[in-house]
Amino acid sequence: MITILLWIVFGIIVGAVARWIVPGEGPGGVLGDLLVGIVGALVGGWIFSFFGHTMALNLGSFICAVIGAVVLLWLIRAVSGRRSAA
């Protein structure tokens, strides 16, 4: 149970960093961006595992999770921006 809570906190921190990196407001506001950060961290970790690395709470995992969260946040903002402009 503690491990899950640690990963959620880790994802929220990653989401906050991704929100700071990607400019603009997401469709879900701050809470939506933090949730996207959690999902992006999981996706980044999943991709990271294909290269033979395990996800642990370390700098490499943090960087990979931030990259995953930034890419996911950017994609969501790009798609939601096109819908509202049409």
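Read on for a plain summary of the structure. (Residues numbered from 1 in each chain as written. Predicted model: local features only at pLDDT ≥ 70, side-chain atom pairs only at ≥ 80, totals over all residues. Heavy atoms only, no water.)

**Some remarks on the nonpolar core**
What counts, and what does not: Put simply, a nonpolar core is a bunch of buried Ala, Val, Leu, Ile, Met, Phe, Trp, Tyr and Cys residues held in one set by side-chain atoms that sit within 4.5 Å of each other. Exposure categories follow from relative accessible area, calculated using a 1.4 Å probe and restricted to protein chains: below 20% of the type maximum is buried, above 50% is exposed, and the middle band is partly exposed. The numbering of helices and of strands both runs from the N terminus, where a helix is a DSSP run of H or I of at least 4 residues and a strand a run of E of at least 2. It only takes one pair of heavy atoms within 4.5 Å for two residues to be counted as in contact.
With eleven residues, the main nonpolar core is built from Phe10, Val14, Ala18, Val22, Val36, Ala41, Ala65, Val66, Ala69, Val70 and Leu73. Looking at this core, the elements with two or more residues in it are helix 1 (2-21), helix 2 (29-49) and helix 3 (59-85). Element by element, the count of residues in this core is highest for helix 3, at five residues. Those residues in contact with Phe10 that lie beyond four places of it in its chain are Leu57, Ser61, Phe62 and Ala65.

**Focus on the environment of Trp46**
For Trp46, the position within the fold is in helix 2. Residue classification places Trp46 among the exposed positions, given a relative accessible area of 54%. Between the alpha carbons of Trp46 and Gly68 there is a distance of 9.5 Å; along the sequence they are 22 residues apart.

Limitation: the analysis is restricted to geometry and does not speak to function.
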